[in-house]
Amino acid sequence: MIVTKNLKKTFGDHVVLNGIDETIQKGEKVVIIGPSGSGKSTFLRCLNLLETPTEGEIWFEGNNITDSKTDINKLRQKMGMVFQQFNLFPHLTVQKNITLAPVKLGLMTQEEADKKAKELLNRIGLEDKAMAYPRQLSGGQKQRIAIIRALAMNPDVMLFDEPTSALDPEMVGEVLELMKELAEDGMTMVVVTHEMGFAREVANRILFIDQGQIQEQNSPKEFFDNPQNPRLKDFLSKVL
Amino acid sequence: MEGLINWFVSIGNRYYDAFIAGDRYRTYFKGLWVTIEISFIAIIIGILIGVTVAILKVTASNYKKLKWLGVLCNGYINIIRGTPVMLQLLIIYNLIFTARDTSEILVAGLCFGINSGAYVAEIVRAGIESIDKGQSEAGRSLGFNANQTMVYIIMPQAIRNILPALGNEFIVLIKETSVASIIAVVDLLQAAQFVGSRTWDILPPLIIAAVFYLVMVLGLSKLLGMFERRMNQGDRN
């Protein structure tokens, strides 16, 4: 579903991604971990071209998205993204946050989108917040709204960029819970996170990125119980 | 005591001559109307130019290929901000006034609009840049293109931040239009000077003109204040 070929990204002289070849299958849940500054967020942001790669190719559902002739806006509709800082639109109600994109991009009528928003809000138990503004919500609520805002577009893949890192500890659980439900529903997910418990429980595959390269990847069990790469061993000994 | 009364009477007479006698108040209102016309044209043109230049500048800063566009915008802003408005008015007037029947009011409005555009551009640009980058990333990640993101997500938030500074700019602009009298436009100030030359007493008409400007500017500030409060109702963190 997503294929990267020799993906490289540099900021000036600083090499952030140094040749990443990776294939993510439909329905897979891939968790990416690594020390800060390792390039894991940059890798994720390259997948929907929020960062433009310096070199290499990215293919999504058979389209080369790094080709300038590709309509990236069209493809992004199929790639939901969830940010560390939620990035809800503060000038719009929760309902409008969810329906803005599907309606304005002509995927749904306002009525259809409103119905969809209601379903999604029901699902996360926040139906009474439909008319609230983002500032009236807790961090956990904001992030769950941000997730269903992306879901309202019916994406084929969901990208999560450290979705729980900006949350108070007691709110991490509700967000991870929703992500687990998504995983169980068969959504293809790529998640950058520091939540090792989530990685162990939900991931099909865990990638360890350091110094702009995938140093090791494995199933969660092997990854945590039998790490090979010395840097990964060192990293795990610090975070577990 | 009698001296004081006489003084008041003479003041009263001077202002009567300057305002009421010979229906002179009409002259002021005609001048006021011209000032309003010039300001209105200038504000509209200023907003159009300002918003366009600001968006071009922000866009240009995001794409290497459009660097020349940024240079162009900066050139415009620097020239306008770096030269006196009176000089700009004279230059534009002499450029355009080669044709007969050019409306001075239109020329003045155009000139002040071009002038104001540079300031509005900087105000709008600062407003756009004050919005967190995450907002535009969220918009783009949902599939909006750059223009849609600007219209649906960035601008509605930026306008709130822009409004106070923009109101300020309009107030300055209205007062600045008094310079227009040098190109034979009979605006409020010029009207006052006409009256003064008729009555041989320049001070009362000038004071009257000042009161007109003051009322106009205070009214506009009040209006803008109401508008801002309305915009701030409901949301905002």
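Residues numbered from 1 in each chain as written. Chains lettered and ligands numbered in written order. Predicted model: local features only at pLDDT ≥ 70, side-chain atom pairs only at ≥ 80, totals over all residues. Heavy atoms only, no water.

The name given to chain B in an unreviewed UniProt entry is Amino acid ABC transporter membrane protein, PAAT family, with the source organism recorded as Anaerocolumna aminovalerica. Heading Subcellular location (unreviewed entry) of the UniProt record for chain B holds this comment: "Cell membrane". (UniProt positions renumbered as here; feature names shortened; annotations may be inferred.)

Per an unreviewed UniProt entry, the recorded name for chain A is Amino acid ABC transporter ATP-binding protein, PAAT family, and the organism is Anaerocolumna aminovalerica. Taken verbatim from the UniProt record of chain A, the Subcellular location (unreviewed entry) comment is "Cell membrane". For chain A, the Sequence similarities (unreviewed entry) comment in UniProt is given as "Belongs to the ABC transporter superfamily."

With that settled, the discussion passes to the pairing of strand β2 (residues 14–24) of chain A. Residue and element names in this part refer to chain A. Across eight bridges, the pairing between strand β1 (residues 2–11) and β2 is antiparallel. Pairing of Thr4 across the sheet is with Glu22, part of β2. A loop of two residues connects β1 with β2, the two strands running antiparallel in sequence, and Gly12 in this loop sits at a positive phi of about 65°. (Pairing = 2+ DSSP bridges. Helix = DSSP H or I, 4+ residues; strand = E, 2+ residues; numbered from the N terminus.)

Turning to the sheet that holds strand β4 (residues 55–60) of chain A, a few remarks are in order. One key point about sheets: their strands pair by backbone hydrogen bonds, in either a parallel or an antiparallel sense. Residue and element names in this part refer to chain A. What the four strands build is an open sheet, ordered β2-β1-β4-β5; its pairing is antiparallel. Where the open sheet ends on each side, the last strands, each with one partner, are β2 and β5 (63–64). Sheet analysis places β4 next to β5, joined by two bridges and oriented antiparallel. From the neighbouring strand, Trp59 faces β5, where its bridge partner is Asn64. Helix α1 (residues 40–47) rests against β1, β2 and β4 of the sheet, and its axis sits at about 120° to β1. (Contact = heavy atoms within 4.5 Å. Axes fitted to C-alpha atoms, helices over the stretch in contact; angles between N-to-C directions.)

Let us look at the side chain of Asn115(B). Residue and element names in this part refer to chain B. Within the secondary structure, Asn115 is located in helix α5 (residues 104–129). Classification of Asn115 by relative accessible area gives buried; the value is 3%. Side-chain polar atoms of Asn115 contact the side chain of Gln88, separated by 2.7 Å. (Buried < 20%, exposed > 50% of the residue type's maximum accessible area, 1.4 Å probe, protein only. Polar contact = N/O pair within 3.5 Å; in protein donor to acceptor, adjacent residues only side chain to side chain.)

This part covers the environment of Thr93(A). Topologically, Thr93(A) is positioned in the loop between β6 (79–82) and α3 (94–104). Separated by 39 residues in sequence, Thr93(A) and Ala132(A) have C-alpha atoms that sit 5.4 Å apart.

Turning our attention to the interface of chain B and chain A. Each side of the interface is counted separately: chain B has 22 residues, and chain A has 23 residues. Here chain B packs against chain A, burying approximately 2000 Å² in sum over the two surfaces, 60% of which is carbon and sulfur. Applying the counting rule to chain B against chain A returns one salt bridge. Among the salt bridges present, the one from Arg45(A) reaches Glu137(B), with a minimum N-O distance of 2.7 Å. (Buried area = accessible area lost by both parts, 1.4 Å probe. Salt bridge = Lys/Arg side-chain N within 4 Å of Asp/Glu carboxyl O.)

All names here are of chain A. Across the sheet, which stays open at both edges, the six strands sit in the order β6-β7-β8-β3-β9-β10 with mixed pairing between neighbours. The sheet terminates laterally at β6 and β10 (213–218), the two strands that pair on one side only. Between one strand and the next, the sheet's axes are offset by a mean angle of 20°, whatever the strand orientation. Here five bridges tie strand β9 (residues 205–210) to β10, and the two strands are oriented antiparallel to one another.

Before going further, it helps to spend a moment on a nonpolar patch on the surface. Residues and elements named next belong to chain B. A cluster of nonpolar side chains, Ile202, Leu203, Leu206, Ile207, Val211 and Val215, forms an exposed patch at the surface whose accessible area comes to about 490 Å². Structurally, Ile202 is set in the loop between α8 (188–199) and α9 (203–232). A residue is classified by how much of its surface remains accessible, and Ile202, at 40% relative accessible area, is partly exposed. (Patch = residues over 30% accessible without salt bridge, like charges linked within 9 Å, V, L, I, M, F, W, Y side chains within 5 Å. Areas by Shrake-Rupley, 256 points an atom, 1.4 Å probe, with all protein chains shown as cover.)

Take the packing of α3(A) against helix α5 (residues 139–151) of chain A next. Residues and elements named next belong to chain A. Interhelical geometry of α3 versus α5 gives an angle of 25° and a closest axis separation of 8 Å. Taken together, α3 and α5 sit at an angle that is classed as roughly parallel. When the axes of α3 and α5 are compared, the crossing they make is right-handed. Where α3 approaches α5, its residues Val94, Asn97 and Ile98 are matched on the opposing element by Ile145, Ile148 and Arg149. Across the contact of α3 with α5, the residue classes tally to four nonpolar, one polar and one charged. (Parallel < 35°, antiparallel > 145°, perpendicular 65-115°, else oblique. Left-handed = near helix turned anticlockwise from the far one by under 90°. Nonpolar A, V, L, I, M, F, W, Y, C, P; charged D, E, K, R; others polar.)

We now examine the pattern of salt bridges. Residues and elements named next belong to chain A. If you walk through the whole model with that rule in mind, you get 19 salt bridges over all chains. A salt bridge links Arg205 to Glu22; the shortest N-O distance between them is 2.7 Å. Highlighted residues: Arg205 in strand β9 and Glu22 in strand β2, separated in sequence by 183 residues. Classification of Glu22 by relative accessible area gives buried; the value is 5%.

With that out of the way, let us pick up the environment of Arg24(B). All names here are of chain B. One can find Arg24 in the loop between α1 (2–19) and α2 (25–62). Spatially, the C-alpha atom of Arg24 lies 9.5 Å from that of Ala192, the residues being 168 residues apart in sequence. The contacts of Arg24, once residues within four sequence positions are left out, are Asp17, Ala18, Phe19, Val195, Arg198 and Thr199. At 2.6 Å, the side chain of Arg24 forms a polar contact with the backbone oxygen of Asp17.

Bringing the pairing of β4(A) into the picture now. Residues in a regular strand point their side chains to alternate faces of the sheet. Residue and element names in this part refer to chain A. Alignment of β1 against β4, held across five bridges, turns out to be antiparallel. Bridge assignment links Lys8 to a residue of β4, and that residue is Glu55. Linkage of β4 to β5, two consecutive antiparallel strands, is achieved through a turn of two residues, within which Glu61 is found at a positive phi near 50°.

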